[in-house]
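Working through the structure, step by step
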Amino acid sequence: MANLTMVQSITEALKQEMERDDRVLLLGQDIGKNGGVFRATDGLFEQFGENRVIDTPLAESGIVGTSVGLSLNNMRPVAEIQFLGFIYETMDQICTQAARMRFRSAGRFTAPIVIRSPFGGGVRTPEMHSDSLEALFAHTPGLKVVIPSNPYDAKGLLISAIRDENPVIFLEPMKLYRSSREEVPEESYTVPLGKAKLVKEGDDITIVTYGANVPFVHKVATEYEGKGISIEVIDLRTIHPIDFETILESVEKTGRLIIIHEAVKTGGVGGEIAAHISEKAFFSLSAPIIRITGYDTPFPVTQVEDDWLPNVQRLQEGIENVMMY
Amino acid sequence: MKVIIDEEMTNLQKAQVVDLDYYQLIDLDGNSNEKQISNLNLDDSDLSSMYEWMLKARQMDKKLLNMQRQGRIGTYSPFSGQEAAQIGSAMALKETDWMFPTYRDLGACIVNGIPIQQIVKYLKGHLEGSKTPENVNILPLQIIIGGQIPQAAGCAWASKLRAEKDITITYFGDGATSQGDFHEGMNFASVFNLPIVFFCQNNHWAISVPFNKQSGSETIVQKAEAYGMKGIRVDGNDVLAVYKATKEAIDRARNNEGPTLIEAVTYRQGPHTTSDDPTKYRDQEEVSEWTNEKDPLVRFERFLEKRGLLTEEKKKSLMDEFDQKILNDIKEAEETIPTTIDQVFDYVYDHSHSVLQDQKNEVAQRILAKKGDIHG
């Protein structure tokens, strides 16, 4: 075991997969000699060389487009988009090209690429760096979307993503890159995609969240134990396909559901979960389903970032709201 | 403009009319220089085979256009007029080379292993219409203009990284050169010295927009210079000139000498698609010129007739043979069991997730109920 931050565990996953499979190669801006702007590829250029840790021209569509081509021809590219806010530049290559390659060729061709990208608020980035865009990809059939919330999961999920036969969008919460350390096994291991994690058991409320919100939600939920409210916390880990079974089982027990994410509310993942649970567990619900999310505005200026994001106060209000029923 | 061209054509002057300022081996009357032709290393049967593919492609295109008019296939994008560009380039490929075509490149596709039957299935909306045969490295027809260009660069990159000798060719039109993906694909190919041929069919029209409104550049090939790669502008209606230019570009790519941009100047004789009416935006005199004296088949026929390789009788018998073959392919495609709605769930992921599985079960039950109605 080693005591690692999330970004270190990501580096370790990349390193071990590159050692295991020589088809795995990394592409991105500044990922080579510089080791990535967040150092996620630190040391890999020195170990694997310029043909496997590739500093590309500054062109998102080129990075993903060539990754699609590499994967069609039996390579396993892991592309880094420096910040998720830049990914619109390559939406066609992701959503039209990679996502439907298997479908439109009736299985003859596939595009097993991984796109890694740092995202999310709370770190005072410049404009257009912090947006949470996971719903765009969850809305695109053919993609998987993964968001880890801790170093252990980050390593195991990334290894699973690289070995997956489908294109995977792997989103890394910037806020969590170095916010904590955790014991992470030194050997290679996988955490399955499509499977949520039960972070904390409880009987009164189910809270579904993922990524950067998991640590504070867990903390608040634990504090409520002392106030006589028992909260179950589910970390989705995979945003698409969603592990509805785990959520359903929990809501059937608690009867109350709060969904928390940083992404804007309208058309978000929370709405999809709420609709699904309404369809499948309507009679188990004893309170309206609540969503605590980013507001329906562009990601804001830094001075109001903390008020815009889901936070302790907004969560407390939500908990009190559903407990009135 | 410093465009790298074949030594044999250097007598052409830069100042000439744009349409003449390209590499040509056969003139409009079918005349050629014997030494240039013998340098191609094509024997009489190769030349005949080239013609047969062009004729078959033309017959197929006509037939598919008719089928659309009869309501037997969906929207169709005819490629008549571009046979020399497509056949000449595709015949320079090896079987294991990779091809990234667009929806208007069916001529190139059939030369390298896409069965006509599969094309008909695609146009009839069959789920497996884009399922390339296992041993053929041709991607499904690209619909998004320019989207295949960076992918082709990536594919060529994989071959290079494994030190394999396969090269990649990607087809696109003049309109695609305005797209960002054209730039990004060309740039990556140049930076990483990738074994790829960028084959642009400049057919003068991107739906209704002529090339002079597509680009402020006089030619497409001059863009090669900016990327630091080789480029050649070729008469795209001269099948032998296209073959030679493509063969040289492929040989360079195979020898790790880098990418090439080819501009094949040709003409889209028909509409953009069967939903388009080109009389609204282009001059009929122009169309008439390109469909008669500048037609690629007419020119190659004159060339072959002069060499005693083609007669009217031979042409007639080939046409009958191809028509029959194409009709058989169409018949087989039309007899294929149609796609059913439950099949759409099978190729979204390698393994369906639970929501997809539920949706598949839902439609499967509806299909079962329908069958019950019929039999009950």
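Residues numbered from 1 in each chain as written. Chains lettered and ligands numbered in written order. Predicted model: local features only at pLDDT ≥ 70, side-chain atom pairs only at ≥ 80, totals over all residues.

Remarks on the interface of chain A and chain B
With 35 residues of chain A at the interface, the matching set in chain B holds 34 residues. Counting residues per element, the ones that place at least two in the side of chain A that touches chain B are helix H3 (60–72), helix H4 (91–98), helix H5 (101–104) and helix H9 (244–254) of chain A. Per-element accounting of the side of chain A that touches chain B gives the leading share, 9 residues, to H3 of chain A. Tallied by class, the residues present in the side of chain A that touches chain B amount to 12 nonpolar, 17 polar and 6 charged. (Contact = placed C-beta atoms within 7 Å. Helix = DSSP H or I, 4+ residues; strand = E, 2+ residues; numbered from the N terminus. Nonpolar A, V, L, I, M, F, W, Y, C, P; charged D, E, K, R; others polar.)

Observations regarding the nonpolar core
Taken as a class, soluble globular proteins show a tendency for nonpolar side chains to be buried jointly. Among the nonpolar cores identified, the biggest contains 183 residues, and Met54, Ile87, Ile196, Val197 and Ile262 of chain B are the most heavily contacted of them. Apart from the residues lying within four places of it in its own chain, the contact partners of Ile196 of chain B are Ala152, Ala153, Ala156, Ile167, Thr168, Thr170, Ala189, Ala253 and Pro259 of chain B. (Core = buried A, V, L, I, M, F, W, Y, C linked by C-beta atoms within 7 Å. Buried ≥ 20, exposed ≤ 12 C-beta atoms within 10 Å, placed from the backbone.)

Focus: the sheet that holds strand E1 (residues 98–100) of chain B
Strand-to-strand pairing in sheets goes through backbone hydrogen bonds, with the strands running parallel or antiparallel. Residues and elements named next belong to chain B. Strand order in the open sheet made by the 5 strands is E1-E2-E3-E7-E6, with parallel pairing throughout. The open sheet has two edge strands with one neighbour each: E1 and strand E6 (230–235). Between one strand axis and the next, the sheet turns through 20° on average, direction left out of account. Strand direction decides the pairing type here: E1 and strand E2 (residues 168–173), joined by 3 bridges, are parallel. Following the sheet pairing, Met99 is matched in E2 by Ile169. Contacts between helix H6 (residues 148–161) and the sheet are confined to E1, E2 and strand E3 (196–202), with E2 contributing the most and set at about 170° to the helix. On top of the sheet, helix H10 (residues 239–254) reaches E3, E6 and strand E7 (260–265); it is set at about 170° to E7, its chief contact. (Pairing = 2+ DSSP bridges. Axes fitted to C-alpha atoms, helices over the stretch in contact; angles between N-to-C directions.)

Let's talk about the pairing of E7 of chain B
Residues and elements named next belong to chain B. Extensive coverage of E7 is indicated by the burial of 6 of its 6 residues. Of the strand pairs in this sheet, E3 and E7 are connected by 6 bridges, and their pairing is parallel. Directly across from Phe198, in E7, lies its bridge partner Leu261. Pairing of E6 with E7, which is carried by 6 bridges, proceeds in the parallel orientation. Paired with Lys230 across the bridge in E7 is Thr260. Assessed by its sense of winding, the connection that carries the chain from E6 through H10 to E7 is right-handed. (Right-handed = clockwise from strand over helix to strand, strands pointing away.)

A word on the environment of Phe170 of chain A
All names here are of chain A. Within the secondary structure, Phe170 sits in strand E7 (residues 168–173). Classification of Phe170 by C-beta neighbours within 10 Å gives buried; the count is 25. Put simply, Phe170 and Arg20 are 150 residues apart on the chain and 20 Å apart in space, counted from C-alpha to C-alpha. Sequence-distant contacts of Phe170, that is, excluding residues within four places in its chain, are made with Val114, Ile115, Arg116, Val146, Leu158 and Ala161.

Focus: helix H7 (residues 151–163) of chain A
Because an α-helix packs 3.6 residues into every turn, residues spaced three or four apart end up facing the same way. All names here are of chain A. With 13 residues, H7 ought to run about 18 Å at 1.5 Å a step, and its terminal C-alpha atoms sit 19 Å apart, in line with that. Burial analysis of H7 places 11 of its 13 residues in the buried class, which makes it a mostly covered element. Along H7, the positions that sit buried rather than exposed are Pro151, Asp153, Ala154, Lys155, Gly156, Leu157, Leu158, Ile159, Ser160, Ala161 and Ile162. (Expected span 1.5 Å × (residues − 1).)

Here's the deal with the domain arrangement of chain A
A common way to report how large an interface is uses the accessible area buried once the components associate. Residue and element names in this part refer to chain A. Per the domain assignment, the segments making up chain A are domain 1 (2–184) and domain 2 (197–323). Once you take the C-alpha centre of each, domain 1 and domain 2 turn out to be 26 Å apart. On the domain 2 side, the residues contacting the 23 residues of domain 1 number 20 residues. No other element matches the 4 residues that helix H6 (residues 134–138) contributes to the side of domain 1 that touches domain 2. Class assignment for the residues of the side of domain 1 that touches domain 2 results in 11 nonpolar, 6 polar and 6 charged. (Domains from an automatic or database assignment.)

What about the pairing of E2 of chain B?
Residue and element names in this part refer to chain B. Of all 6 residues in E2, 6 are buried, a share of seventy percent or more. Neither face of E2 is exposed, since Thr168, Thr170 and Phe172 on one face and Ile169, Tyr171 and Gly173 on the opposite face are all buried. In terms of strand pairing, E2 meets E3 through 6 bridges, oriented parallel. Each bridged residue has a counterpart across the sheet, and for Ile169 the counterpart in E3 is Val197. Taken together, E2, helix H7 (residues 180–191) and E3 form a β-α-β motif whose crossover is right-handed.

Focus on the environment of Ile290 of chain A
All names here are of chain A. Relative to the elements of secondary structure, Ile290 occurs in strand E14 (residues 290–294). C-beta crowding within 10 Å serves as the criterion here: with 20 such atoms nearby, Ile290 is assigned to the buried category. Put simply, Ile290 and Leu236 are 54 residues apart on the chain and 17 Å apart in space, counted from C-alpha to C-alpha. Once you skip the residues sitting within four places of it in the chain, Ile290 turns out to touch Ile258, Gly318, Asn321 and Val322.

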